[in-house]
Amino acid sequence: MSDADRELVRRAREGDQAAYRALVERYQRRVFSLALTLLKDRDDAADVAQETFLKAYQGLSSFKGEAGFYTWLYRIANNLAIDLIRRRGHTVREEIDEELLDPEAAQACEGLLATRLGVDPAEEAMRHELGETLERALAELPEKHRAILILREVEGLSYEELSLALDIPKGTVMSRLFHARAKMQRLLTGELSAGAEGAPVNVAGAVASKP
Amino acid sequence: MTHRASCGLDRTAVYRYRDGDLPEAERRTFEGHLGGCASCRGRLEDGDALGRLLRIRDDALGEELPKDFAAQLMARLPAAKRPGWTRLLGSWHSHRLLWVSAVAVAAALAVLVPLVVRQGAIDRRSAAENEAGLRRRELVAPPVRPQLRPRPQGMFMPSPARPGAGR
Ligand SMILES: [Zn+2]
């Protein structure tokens, strides 16, 4: 845990609400975007993010600090989001990783996504078609794969932190990340290939080729 | 159980390398392998591409956070700064012993005050009556007191063995 977080947690524990607000402002976007990725609904995501920070505040005295404060927040947020999905009567997809992957299909894809994307995707392009492509692909992943991808690729959690945040052994972190990436890359490559024949294409090209 | 890449390497190795999870020696060995293995390089580049996409997406997601999120949350937090006596009330658990003692003292007073008052009235009686009365009371008092304690349990608290037994 960073020294700044440790100090803010210590002050918040003593009842300093300004210190807790500083923690909220530091992590609100990250907690919210994890919740939104899992729930796909802005209001639900905001509710879960609120509950996450409330629960964390109420549990400050039990927070040991062996992991980062954000690792602890993600753990609470992930559990609350999964609970909400279940309460809504939706199924949380729990299929076993090993069954998801066709090894030969995955091998055929190696390097293809990077080639299809060509150059750094421009932010403007992302907001349009590629953004939709990405959302469609993400929506096809089980929640556990979405969560681990976001926590690793966006939040930069280490394998040890992922193990704590998702309450899974480190070996499961490795295999889950592997399958999440493989499936995501396969879905994206498929979508991008369907959109534009012939390689290499960059993102701008892929977007421009659509009518 | 272990997945092999086309080059024979454990396929999670590429990602462990990319995610900074390989120990120094393994990292260097892998870097040596990477130079001659297009398959691992491709997987690595795919990982980078996917990471870039997800980060750009996340920047856009963050924009959807309600603007008053922090203010809303702060309004929902239990109050922290309170005057001393309310803090004492609020921290019931940490002062549990104090409260239990206070309740015990109050209960003892409720029992003893009528006795003392009664004793005062008795003291004002005649000497002959007083002596006899005191002796009688000493004989009567002991069986009365133990009855005071079982009463709340027996009369007001339903026994755990009989919930709904009357119906
Ligand atoms: Zn290789």
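A brief report on the enclosed structure follows. Fair warning: this is a prediction, and the values are worked out from it, not measured in the lab.

Looking now at the overall build of chain B. For chain B, the count of helices and strands is eight helices and zero strands. Its helices and strands in sequence order give chain B the pattern α-α-α-α-α-α-α-α, from N to C terminus. When each of the 167 residues of chain B is scored for burial, the buried share is 26%. Put simply, of all contacts in chain B between residues at least 6 apart along the chain, 34% involve residues at least 24 apart. A total accessible area of about 11700 Å² is found for chain B, and carbon and sulfur atoms account for 61% of it.

Further remarks concern the environment of L138(A). By the element assignment, L138(A) lies in helix α8 (residues 123-140). Owing to a relative accessible area of 1%, L138(A) belongs among the buried residues under this scheme. Residues L138(A) and K183(A) lie 45 residues apart in sequence; the distance between their C-alpha atoms is 9.5 Å. Once residues lying within four places of it in the same chain are set aside, the contact partners of L138(A) are R146(A), M184(A), L54(B) and R57(B).

In total, this model carries 25 salt bridges over all chains according to the counting rule given. Here E135(A) ties to R57(B) by a salt bridge, and the two come within 2.5 Å at their closest N and O atoms. Residue E135(A) is located in helix α8, and its partner R57(B) is located in helix α3 (residues 38-62); the two belong to separate chains. You can call E135(A) partly exposed: its relative accessible area is 33%. Residue R152(A) pairs with D19(B) through a salt bridge whose shortest N-O separation is 3.0 Å. Taken as a pair, R152(A) in helix α9 (residues 143-154) and D19(B) in the loop between α1 (12-18) and α2 (24-36) lie in two separate chains rather than in one.

Residues and elements named next belong to chain B. Here the zinc ion is held by C7 (SG), H33 (NE2), C37 (SG) and C40 (SG), and the distances to it run 2.0 to 2.3 Å. For the zinc ion, the four donor atoms in the first shell make angles of 105 to 116 degrees at the metal, so the coordination geometry reads as tetrahedral. Site description for the zinc ion: donor spacing in sequence, C-x25-H-x3-C-x2-C. With C7 in the segment before α1 and C40 in helix α3, this residue pair connects regions lying 33 residues apart in the sequence.

Let's shift gears to the interface of chain B and chain A. Across the contact, 48 residues belong to chain B and 60 residues belong to chain A. Taken together, the two surfaces of chain B and chain A that pack against each other cover about 5000 Å², and 61% of this comes from carbon and sulfur. Inspection of the region where chain B meets chain A yields eight salt bridges. Put simply, chain B and chain A have 18 residue pairs in polar contact (both at pLDDT 80 or more) between them. Per element, the largest residue contribution to the side of chain B that touches chain A is 20 residues, and it comes from α3(B). A per-class count over the side of chain B that touches chain A returns 21 nonpolar, nine polar and 18 charged.

Rules and cut-offs
- Residues numbered from 1 in each chain as written.
- Chains lettered and ligands numbered in written order.
- Predicted model: local features only at pLDDT ≥ 70, side-chain atom pairs only at ≥ 80, totals over all residues.
- Heavy atoms only, no water.
- Helix = DSSP H or I, 4+ residues; strand = E, 2+ residues; numbered from the N terminus.
- Buried < 20%, exposed > 50% of the residue type's maximum accessible area, 1.4 Å probe, protein only.
- Contact = heavy atoms within 4.5 Å.
- Areas by Shrake-Rupley, 256 points an atom, 1.4 Å probe, with all protein chains shown as cover.
- Salt bridge = Lys/Arg side-chain N within 4 Å of Asp/Glu carboxyl O.
- Donors = N, O, S within 2.8 Å, 3.2 Å for Na, K, Ca; no water.
- Tetrahedral: all angles 85-135°; square planar, octahedral: opposite > 155°, others 65-115°.
- Buried area = accessible area lost by both parts, 1.4 Å probe.
- Polar contact = N/O pair within 3.5 Å; in protein donor to acceptor, adjacent residues only side chain to side chain.
- Nonpolar A, V, L, I, M, F, W, Y, C, P; charged D, E, K, R; others polar.

Geometric values such as these leave the question of function open.
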